[in-house]
Amino acid sequence: MLKTGLTGGIGSGKSEVSKRLAARGAVVIDADRIAREVVEPGTPGLARVVATFGDEVLRPDGSLNREQLGSIVFADSERLAALNAIVHPLVGERVAELQSRAADDAITVYDVPLLAENNLAPMYDVVIVVDAADEVRIRRLAEHRGMSEADAKARIAAQASREDRLAVADIVIPNEGTLDELDARVEEVWEELTRRAARG
């Protein structure tokens, strides 16, 4: 099994690459999506979050109010550590479960936004970085997510720098052009991953 880490800063187009790899047969494991699933209503994860942070982190419908929780934990490193101690092991269990279901010769792609920030590159056989200039990413965040320029710049500043991200890359997918250009580059990358997987 070839373990591939996929990362890219906010607005780089990582999810577009992830979709295209999945369409070619990769087993995509999305860490962010799993982190949301493990605290959905009715899960032990949500029960633990509420036991730790109180009912004020719930919406009226019983789902997690992420904005409220975010405002508590991002201002307090101890509370953030408490949240991570609940969520990370649950994510780890779910990832292991998905991994165990994948075929032995599968190409697994782990979609990990904070791969560079958390020094996770050594966990993977190959690290792919989706790269775009900051000004391109700021424009995309404004166009596709309605973010103000100041908010987009703050989000980008909170993540690893382009240089730090590129330093851990085995393969770089530049994404400043059209979706057709991106598709062509993903096809090349898929061929490369297939070759590496065949070498074992």
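See the structure printed just above.
Here goes a summary of the coordinates provided. (Residues numbered from 1 in each chain as written. Predicted model: local features only at pLDDT ≥ 70, side-chain atom pairs only at ≥ 80, totals over all residues. Heavy atoms only, no water.)

### Quick word on empty space enclosed by the protein
What the rule picks out here adds up to one cavity of 30 Å³ or more. Size it by volume and the largest cavity reaches roughly 40 Å³. Taken together, Gly-9, Ser-12, Val-129, Val-130, Asp-131, Ala-132, Arg-137, Arg-162 and Arg-165 make up the lining of the largest cavity. Elements that contribute at least two residues to the lining of the largest cavity include exactly β4 (126–131) and α8 (162–167). Of the residues forming the lining of the largest cavity, the biggest block, three residues, is contributed by β4. Its residues assigned to classes, the lining of the largest cavity shows three nonpolar, two polar and four charged. (1 Å grid on protein atoms, 1.4 Å probe; cavity = no way out; pocket = protein on both sides within 12 Å on 5 of 7 lines; lining within 4 Å. Points joined across faces, edges and corners; volume = space filled by probe spheres on them. Helix = DSSP H or I, 4+ residues; strand = E, 2+ residues; numbered from the N terminus. Nonpolar A, V, L, I, M, F, W, Y, C, P; charged D, E, K, R; others polar.)

### Things to note about helix α5 (residues 77–101)
Taking 1.5 Å of rise per residue, the 25 residues of α5 would be expected to cover 36 Å, and the 35 Å separating its terminal C-alpha atoms lies within 8% of that figure. What α5 keeps buried is the set Leu-83, Ile-86, Val-87, Leu-90, Val-91 and Val-95. Looking at the packing, one finds that the buried side of α5 touches β2 (27–30), α2 (31–37), α3 (44–53), α4 (66–73) and β3 (107–111). (Expected span 1.5 Å × (residues − 1). Buried < 20%, exposed > 50% of the residue type's maximum accessible area, 1.4 Å probe, protein only. Contact = heavy atoms within 4.5 Å.)

### Points about the pattern of salt bridges
Per the stated rule, a full pass over the model turns up 18 salt bridges. Asp-183 is the salt-bridge partner of Arg-20, the closest N and O atoms lying 3.1 Å from each other. Pair noted here: Arg-20 is in helix α1 (residues 14–23) and Asp-183 is in helix α9 (residues 179–199), with a separation of 163 residues, a long-range link. What makes Arg-20 buried here is its relative accessible area of 15%. Take Asp-183: its relative accessible area is 30%, and that puts it in the partly exposed class. (Salt bridge = Lys/Arg side-chain N within 4 Å of Asp/Glu carboxyl O.)

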